[in-house]
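One letter stands for each residue in the lines below.
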Amino acid sequence: MPDPAANRPQPSPDAIQDLLRVAFAAAELAHSPYSKIKVGAALMSTDGQVFAGCNVENASYSLTLCAERVAAVKAISAGVTRFESIAIASSLDSPMMPCGACRQFLTEFAPDLFVVVQGKSGPRFQARLGGLLPHAFGPRDLD
Ligand code: THU
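The model shown is predicted, which means the values in this text are computed figures rather than measured ones.

How each quantity is defined
Counting restarts for each chain, with residues numbered from 1 along the sequence as it is written. For a predicted model such as this one, the threshold for reporting local features is a pLDDT of at least 70, and the threshold for listing and counting side-chain atom pairs is 80 or more; totals across whole chains, interfaces and linings nevertheless cover every residue. To get the side-chain values, take all heavy atoms of the structure and skip hydrogens and water. Here a strand is any run of E in DSSP of at least two residues, a helix any run of H or I of at least four, and the numbering for each starts at the N terminus. Expected helix span is given by 1.5 Å per residue-to-residue step, counting one fewer step than there are residues. Residue exposure (1.4 Å probe, protein chains only): buried if accessible area is under 20% of the type maximum, exposed if over 50%, otherwise partly exposed. In this description, the arc belongs to the directions extending from the helix axis to the C-beta atoms. Contacts are assigned to residue pairs that have any heavy atoms within 4.5 Å of one another. Viewed with both strands pointing away, a crossover whose connecting path from the first strand over the helix to the second turns clockwise is right-handed. Strand pairing requires that DSSP identify at least two bridges connecting the strands. By convention in this text, a residue qualifies as near a molecule or strand provided that one of its non-hydrogen atoms is within 4 Å of it. We call two N or O atoms a polar contact when they sit within 3.5 Å, provided that within protein one can donate a hydrogen and the other can accept it, with sequence-adjacent residues counted only if both atoms are side-chain atoms. Every accessible area reported is derived by Shrake-Rupley at a probe size of 1.4 Å, with residue values counting cover from the shown protein chains alone. Here the term charged refers only to Asp, Glu, Lys and Arg, the term nonpolar to Ala, Val, Leu, Ile, Met, Phe, Trp, Tyr, Cys and Pro, and the term polar to all other amino acids, Gly among them. Only rings of Phe, Tyr and Trp enter the pairing, Trp through its six-membered ring, and a pair is recorded when the two centres are within 6.5 Å. The plane angle decides the type: under 30 degrees is stacked, over 60 is edge-to-face, the rest tilted. Put simply, a salt bridge is a Lys or Arg side-chain nitrogen that is within 4 Å of an Asp or Glu carboxyl oxygen.

1. Structural notes on helix 1 (residues 13-27)
Residues three or four positions apart in an α-helix share a direction because the helix packs 3.6 residues into each turn.
Turning to step 1, where the next piece is worked out: Helix length check: helix 1, at 15 residues, gives a terminal C-alpha distance of 21 Å against a target of 21 Å (1.5 Å per residue), a fit within 8%.
Turning to step 2, where the next piece is worked out: All buried positions along helix 1 are accounted for by Ile16, Leu19, Leu20, Ala23, Ala26 and Ala27. Each buried residue of helix 1 sits inside an arc of 115° when the element is viewed along its axis, so together they form one side. Residues Asp14 and Arg21 are exposed on helix 1 and point more than 90 degrees away from its buried face.
Turning to step 3, where the next piece is worked out: Contacts made by the buried residues of helix 1 are with strand 1 (39-45), strand 2 (50-54), strand 3 (83-90), strand 4 (114-118) and strand 5 (124-128).

Structure follows, in structure tokens:
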């Protein structure tokens, strides 16, 4: 099956850098007394707005919210539902990949989302969301 995002331009290196900067700043606001891992996400809409989120843990561990979904819910609840790219930054050395639940959650709104992931050091990971969640279940499956 052809990749619908294959011909889409990806964000410029400067745009990626800017988005990562917002994600790293958001990570500083993490509430993560249990894992001690700080995660930040910066989600850019198709009209250039950026929504930031951090992970928010809870003493009842399973209630923990990931940074990506916090950013997405902030945007969606502000009436913004179309997205271009997301940067995910963490306090870990290597890139902290978005969990399966976040991949599914974001697929609902932006199956072609450009995803960039960066840890404190080491390699930067870049991919389209469709490549991270192939053959995804989505709204069309309910038609
Ligand atoms: N976390 C995220 O914020 N995003 C992910 O995609 C994976 C995990 C957070 C949740 C928890 O606070 C910590 O990282 C460890 O799982």
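2. Section: the pairing of strand 4
Turning to step 1, where the next piece is worked out: Most of strand 4 is tucked away: five of the five residues are buried.
Turning to step 2, where the next piece is worked out: Burial of the side chains of strand 4 extends over both faces: Phe114, Val116 and Gln118 are buried on one face and Val115 and Val117 on the other.
Turning to step 3, where the next piece is worked out: In the classification by handedness, the crossover that spans strand 3, the intervening helix 3 (residues 100-107) and the parallel strand 4 is right-handed.
Turning to step 4, where the next piece is worked out: Relative to strand 5, strand 4 runs antiparallel, the two sharing five bridges. Residue Phe114 lies in a different strand from strand 5, and its bridge partner there is Arg128.
Turning to step 5, where the next piece is worked out: Taken together, strand 4 and the strand that follows it, strand 5, pair antiparallel across an intervening segment of five residues, in which Gly122 is found at a positive phi of about 80°.

3. Quick word on the site of the ligand
Turning to step 1, where the next piece is worked out: The local shell around the ligand consists of Ser35, Val39, Asn55, Glu57, Thr64, Cys66, Ala67, Glu68, Met96, Met97, Pro98 and Cys99.
Turning to step 2, where the next piece is worked out: The separation between an oxygen atom of the ligand and a polar side-chain atom of Asn55 is 2.9 Å.
Turning to step 3, where the next piece is worked out: Here an oxygen atom of the ligand and a backbone polar atom of Cys99 are 2.9 Å apart.
Turning to step 4, where the next piece is worked out: The fraction of the free accessible surface of the ligand (370 Å²) that becomes covered by protein chains is 83%.
Turning to step 5, where the next piece is worked out: Of the residues contributing to the shell around the ligand, the split by class is seven nonpolar, three polar and two charged.

4. Remarks on the packing of aromatic side chains
Turning to step 1, where the next piece is worked out: The full count for this structure, using the stated rule, is two aromatic pairs.
Turning to step 2, where the next piece is worked out: Ring geometry for Tyr34 against Tyr61: centres 5.4 Å apart, planes inclined by 50°, an arrangement best described as tilted. Placement of the pair is Tyr34 in the loop between helix 1 and strand 1 and Tyr61 in the loop between strand 2 and helix 2 (67-76), with a sequence separation of 27 residues.
Turning to step 3, where the next piece is worked out: Owing to a relative accessible area of 41%, Tyr34 belongs among the partly exposed residues under this scheme.
Turning to step 4, where the next piece is worked out: Here the aromatic rings of Phe105 and Phe109 are separated by 6.2 Å at their centres, their planes lie at 50°, and the arrangement is tilted.
Turning to step 5, where the next piece is worked out: With relative accessibility at 29%, the residue Phe109 sits in the partly exposed group.

5. What about the pattern of salt bridges?
Turning to step 1, where the next piece is worked out: Summed over all chains, the structure comprises two salt bridges.
Turning to step 2, where the next piece is worked out: Salt-bridge contacts for Asp18 lead to Arg21; the nearest nitrogen and oxygen are separated by 3.1 Å. Here Asp18 pairs with Arg21, and both are found in helix 1, just three residues apart, close to one helical turn.
Turning to step 3, where the next piece is worked out: According to the relative accessible area criterion, Arg21 is exposed, its value standing at 51%.
Turning to step 4, where the next piece is worked out: Ionic pairing is found between Lys120 and Asp93, a salt bridge with its closest N-O pair at 4.0 Å. With Lys120 in the loop between strand 4 and strand 5 and Asp93 in the loop between strand 3 and helix 3, the pair connects residues that are 27 residues apart, well separated along the chain.
Turning to step 5, where the next piece is worked out: Owing to a relative accessible area of 47%, Asp93 belongs among the partly exposed residues under this scheme.

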